[in-house]
Amino acid sequence: MNNATGRTSHQDRVWSVAEHLDDVLSKIAPLDPIELQLLDAQGCVLVEDITVPVALPPFDNSSMDGYAVRAADVADATESAPVALTVIGDVAAGSGELPGIGPGQAARIMTGAPVPPGAEAVVPVEWTDGGTGQGPAATMRAHSAAPEDAGGEVHVHHPAAAGAHIRARGSDVTEGEMALRAGTVLGPSQIGLLAAIGRGTVRVRPRPRVVVLSTGSELVQPGEALGPGQIHDSNSFQLTAAARAAGAIAYRVGAVADDADTLRSTLEDQLIRADILVTSGGVSVGAYDVVKETLVALSATEADGSSLAGGTVEFRRLAMQPGKPQGFGLIGPDRIPLLALPGNPVSSYVSFELFVRPAIRALMGLSEVHRPTTPARCTEAVASSPKGKRQFLRGSYDAGAGTVTPVGGAGSHLIKAMAHANALIIVPEDTTEVPAGADVEVVLLG
C-alpha cells in the first residue's frame, strides 16, 4: 500500500510463520527453461521427458578381458584336459571390422569390445593360459610387448555357456524406453545417463542466481583486524553458503555500511545478476536500520529515476523466535524478489531455512521446496518458550535413537551452537515448555 494509513496497519499486524511463507511463495514463479550443456545443467531440474534414442549397450559386448568363443568348442574344457583353440586376431574396444569365429577358433577380446559374429560366449583370460602355453594366466600381455598373442593358440581350462560374460544389446535400456522424467534433478548419475544416450544438451530450469549482502558499519571482512566496536561479517558467508547448498548460484557482496544511498546504489548494481536478493541486518526498529529505511522509502514513492523505483517491500513482525522482523517484496523493473532477514546470525540462518530456501527451490521448479521434518524425543527439557510465538531451537538429531538434544541457548547471537546443530526443534505457539522425553517435531538440516 502507498498511503501512510495502509502501511501502519501492516506494521501493526503480527504474521504467522505460515502466512509469511505462503505470501513469499505466492509471488515466486519458476524460472523460464533454457537449453544447457550437460555439465552446466548439473543441479538443475529437467523440464522434458527424455527417451532413449538408441539401446544401451548399442551392441553385444564383452564384460571381461578374455577370448570370444563358440560355446560348443569349450563345453568339455577342464584344467586337466584343456581345449586348444586357434586365435585369429584381436577385438579391442572401438573395433569396427570384426573377425568371424568359426569352429575351433577364438578371438582375443577386451572389456567393452563388440562380440564378433559366430562367438557365443567370452572365456575370461584367467580361465586360459593367455596363449603362453603355460599354466593359467593372471592377465594378458600388452599387445606392444607380445604381438604374437593376437595369433597362435590358446588353451581354455573351463567351459563357458552361451551368453557368458556378454553384455547383451539393450540389457541396460531399450530403444524408446523412458530414461528420465521431467522434474528430475540432474545429479552426476543422471548426467552420465544423458551422456551415454548421446544427449549433449538438455532443457532445464536454470539454477537461480542469489545475491547476498550484509549491512552494518560495524562489519569487517574476515581476515582483517577488528577495530573498536567492530565484528567480522559472518552472515554474508553463512547465507551465501546456504544458498549454494540449496542449489543456487550465489554471489556474495561485501558488507554495506549503514547508509541509505550506498545501499540503494548497491542494490541497483546487483539487480542485473539477481533472480533473488537476500539482505541481512537493518530490518528492526533502530535508528540505523538502513535496509528498512531505504526500502520503506522505495515503497512509499513512485518513479524517481532509480532502477529500484516502483517496487514494494513490506516489513513485518512474525510470531516466531528467533527471526521476528522480516522484510519481503519485489523490486526493480523485473520485480526481483527481495527477502530482508534480521542481522543476528542465528535469526538470519533460521530465516533463510524457513523462507529463502523454499523460495530458491520454487524458482528451480522443484515440487518439494521444504526441508524434511520428523518426530523425535527431546532428551532435555525446554524450560520456557514464549507463548504465541513459534520457537526454533538448535538441536542435535540422532536418527538411530530417534532423539534430539537442544544445542546451546535460545540467544540469537550464539553462532557456535548453530554450527554444531543438524536440526531445528519446533516449539509450537501454544507450548510454553517442553518436558524431557516429550515428542517434538524437528526440521532436518543435513
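A brief report on the enclosed structure follows.

Rules of the game
- Residues numbered from 1 in each chain as written.
- Predicted model: local features only at pLDDT ≥ 70, side-chain atom pairs only at ≥ 80, totals over all residues.
- Heavy atoms only, no water.
- Phe/Tyr/Trp six-rings, centres within 6.5 Å; stacked < 30°, edge-to-face > 60°.
- Lys NZ or Arg CZ within 6 Å of the ring centre and 35° of its normal.
- Helix = DSSP H or I, 4+ residues; strand = E, 2+ residues; numbered from the N terminus.
- Buried < 20%, exposed > 50% of the residue type's maximum accessible area, 1.4 Å probe, protein only.
- Contact = heavy atoms within 4.5 Å.
- Core = buried A, V, L, I, M, F, W, Y, C linked by side-chain atoms within 4.5 Å.
- Salt bridge = Lys/Arg side-chain N within 4 Å of Asp/Glu carboxyl O.
- Pairing = 2+ DSSP bridges.
- Axes fitted to C-alpha atoms, helices over the stretch in contact; angles between N-to-C directions.
- Parallel < 35°, antiparallel > 145°, perpendicular 65-115°, else oblique.
- Left-handed = near helix turned anticlockwise from the far one by under 90°.
- Nonpolar A, V, L, I, M, F, W, Y, C, P; charged D, E, K, R; others polar.

For any two aromatic rings, the description comes down to two numbers: the centre-to-centre distance and the angle of the planes. Considering all chains together, one arrives at zero aromatic pairs under this definition. Against the face of Trp 15 rests Arg 13, its NZ or CZ located 3.7 Å from the ring centre. The ring of Trp 15 is capped by Arg 316, whose NZ or CZ atom sits 3.8 Å from the centre of that ring.

What follows covers the side chain of Ser 348. Locating Ser 348 in the fold gives a position in helix H7 (residues 345-364). For Ser 348, a relative accessible area of 0% puts it in the buried group. Excluding its chain neighbours within four sequence positions, the residues that come into contact with Ser 348 are Asn 235, Leu 239, Ser 280, Leu 341 and Pro 342.

Counting residues in each nonpolar core, the largest one holds 44 residues, and the members touching the most others are Val 210, Met 320, Leu 339, Phe 352, Phe 355 and Ile 360. Taken together, the elements giving at least two residues each to this core come down to helix H2 (17-26), strand S14 (209-215), helix H4 (235-245), strand S18 (276-280), strand S21 (325-331), strand S22 (336-341), H7 and strand S26 (423-427). Sorting elements by how many residues they give to this core places H7 first, with 12 residues. Filtering out sequence-adjacent residues up to four positions away, Leu 339 remains in contact with Val 24, Ile 276, Leu 277, Val 278, Thr 279, Gly 327, Phe 328, Phe 355 and Val 356. One finds Leu 213, Val 253, Leu 263 and Val 291 within the second-largest nonpolar core, a separate group that totals 19 residues.

Another aspect to go through is the pattern of salt bridges. For the structure on display, the rule yields 13 salt bridges. For Lys 27, the salt bridge is made with Asp 23, and the minimal N-O distance between the two is 2.5 Å. With a relative accessible area of 39%, Lys 27 lands in the partly exposed category. Asp 23 gets classed as buried once you look at its relative accessible area, which sits at 14%. One salt bridge connects Arg 141 with Asp 149, and the closest N-O pair in it is separated by 2.8 Å. According to the relative accessible area criterion, Arg 141 is partly exposed, its value standing at 40%. Where salt bridges share partners, they join Asp 23, Lys 27, Glu 314 and Arg 316 into one cluster.

To continue, consider the sheet that holds strand S9 (residues 121-124). Read from one edge to the other, the open sheet built from five strands follows the order S9-S6-S8-S7-S10, with strand pairing classed as mixed. Looking at which strands have only one partner, the edges of the open sheet turn out to be S9 and strand S10 (153-156). Pairs of neighbouring strands in the sheet enclose a mean axial angle of 40°, with direction left out of account.

Strand order in the open sheet formed by three strands is S2-S13-S3, and the pairing between neighbours is antiparallel. Pairing within the sheet leaves two strands with one partner each, and these edge strands are strand S2 (34-37) and strand S3 (45-46). In terms of strand pairing, S2 meets strand S13 (residues 201-205) through four bridges, oriented antiparallel. Within S13, the residue paired with Gln 37 across the bridge is Thr 201.

The next subject is the packing of H4 against H7. Following both chains from N to C, one finds H4 and H7 inclined at 25°, their axes separated by 10 Å at the closest point. It follows that H4 is roughly parallel to H7 by the angle criterion. For the pair H4 and H7, the crossing hand works out as right-handed. Residues Asn 235, Gln 238, Leu 239, Ala 242 and Ala 243 of H4 form the contact with H7, whose participating residues are Pro 345, Ser 348, Tyr 349, Phe 352 and Ile 360. Here the residues of the contact of H4 with H7 sort into seven nonpolar, three polar and no charged.

Turning next to the side chain of Thr 279. Tracing the chain through its elements places Thr 279 in strand S18. For Thr 279, the residues in contact, after removing those within four places along its chain, are Leu 213, Val 291, Leu 338, Leu 339, Ala 340 and Leu 341.

Most of S22 is tucked away: six of the six residues are buried. On S22, burial covers both faces: Ile 336, Leu 338 and Ala 340 on one face and Pro 337, Leu 339 and Leu 341 on the other are all buried. The sheet contact formed by S18 and S22 spans four bridges and is parallel. Following the sheet pairing, Val 278 is matched in S22 by Leu 339.

Each neighbour pair has its own omega, and for Leu 56 with Pro 57 the value is -15°, a cis peptide bond. Relative to the assigned elements, Pro 57 resides in the loop between strand S4 (50-51) and strand S5 (61-62). Notably, Arg 335 is not glycine yet its phi reads approximately 50°, a positive angle. The topology assignment puts Arg 335 in the loop between S21 and S22. Judged by relative accessible area, which is 37%, Arg 335 ranks as partly exposed.

Most of S21 is tucked away: seven of the seven residues are buried. Side chains Pro 325, Gly 327, Gly 329 and Ile 331 project from S21 onto one buried face, and the interleaved Gln 326, Phe 328 and Leu 330 project onto a second face that is buried too. Two elements, strand S19 (residues 312-318) and S21, share six bridges in a ladder whose sense is antiparallel. Within S21, the position partnered with Phe 315 by the bridge is Gly 327. Inspection of the sheet shows S21 paired to S22 by five bridges, in the antiparallel sense. Each residue of the ladder has a partner; that of Ile 331, found in S22, is Ile 336. Taking the residues that link successive antiparallel strands as the turn, the S21-S22 hairpin has four residues, and the phi of Gly 332 there is positive, at about 80°.

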